[in-house]
Amino acid sequence: MDYGYALFLIAGFAFIGAGMKYVDAAFDEGTVGKKSAYIVAALCGVLMGALIGMDAYAAMVLLSIILGVAVTGKIDAPAFVVGALAALAMPALFSSQVTLYTLPVAVLVLGAVIDELGNDLADSGRVKNGLFALFFRYRLTMEVFMAGLALAGFFPVVYLLALVSLDAGYHAMTYYSASLSAARARQGRGN
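Everything in this summary refers to the structure shown in the same document. Quantities reported herein were computed from a predicted structural model and do not represent experimental measurements.

**Re the packing of helix α3 (residues 56-71) against helix α5 (residues 102-123)**
Piece 1. Contact pair α3 / α5: the axes reach a minimum separation of 8 Å and the direction vectors enclose 45°. In this view, α3 runs oblique relative to α5, as classed from their interaxial angle. By crossing handedness, the relation of α3 to α5 is classed as right-handed. Note on element contacts: α5 touches α3 through Pro104, Val105, Leu108, Val109, Ala112, Val113 and Glu116, opposite Met60, Val61, Ser64, Leu67, Gly68, Val69 and Val71.

Here it is, written out as structure tokens:
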């Protein structure tokens, strides 16, 4: 794999992660606009779909994320539906077919499901152990499973870095949304 594609992959996954949180911020937190969330969701869906259609490793990671959030009922905003449909429709535009392997996809879907359920428990304060709460707050199960799959030779390490960048983009947007919310609260108290 050339360095240019590796950088594109890492940056693309970071954009997807930030975009997923942007949609959350619009529909769950109201810190950004819903109209722009549809645009961001569509862009993320097109990028995900293009990667799914041309890169088997990226396809396994991204489809696992989509399946994990679908199974846990986290595709709960109309913009998420737009993004997921775009991601699933885009591969049809590519003439080459990618090969998916059941074991890595199953492991990553399991990791995504554990992350979503664990995150809900951590956010509600039901995870009492501080280390586990931190682990689930940052949804690290899929990354740990991905590291194991990379060590076992199922994935090149760059795809682990791409997954980490997806989570970094998600968390960066989380902090940005929180800063917008805090700024609005300060502004409201100042009036």
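**A few points about the pattern of salt bridges**
Piece 1. As enumerated under the stated definition, the model contains four salt bridges in all.
Piece 2. As a salt-bridge pair, Lys74 and Asp120 come within 2.7 Å of each other at their nearest N and O atoms. Linking Lys74 in the loop between α3 and α4 (78-89) with Asp120 in helix α5, this pair joins segments that are 46 residues apart in sequence.
Piece 3. Exposure remark for Lys74: the relative accessible area of 21% places this residue in the partly exposed category.

**Some details on a nonpolar patch on the surface**
Piece 1. On the surface, Phe15, Ile39 and Leu43 cluster together to form a nonpolar patch covering roughly 290 Å² of accessible area.
Piece 2. In this structure, Ile39 sits in helix α2 (residues 34-54).
Piece 3. Residue classification places Ile39 among the exposed positions, given a relative accessible area of 55%.

Rules used in this analysis
Residues numbered from 1 in each chain as written. Predicted model: local features only at pLDDT ≥ 70, side-chain atom pairs only at ≥ 80, totals over all residues. Heavy atoms only, no water. Axes fitted to C-alpha atoms, helices over the stretch in contact; angles between N-to-C directions. Helix = DSSP H or I, 4+ residues; strand = E, 2+ residues; numbered from the N terminus. Parallel < 35°, antiparallel > 145°, perpendicular 65-115°, else oblique. Left-handed = near helix turned anticlockwise from the far one by under 90°. Contact = heavy atoms within 4.5 Å. Salt bridge = Lys/Arg side-chain N within 4 Å of Asp/Glu carboxyl O. Buried < 20%, exposed > 50% of the residue type's maximum accessible area, 1.4 Å probe, protein only. Patch = residues over 30% accessible without salt bridge, like charges linked within 9 Å, V, L, I, M, F, W, Y side chains within 5 Å. Areas by Shrake-Rupley, 256 points an atom, 1.4 Å probe, with all protein chains shown as cover.

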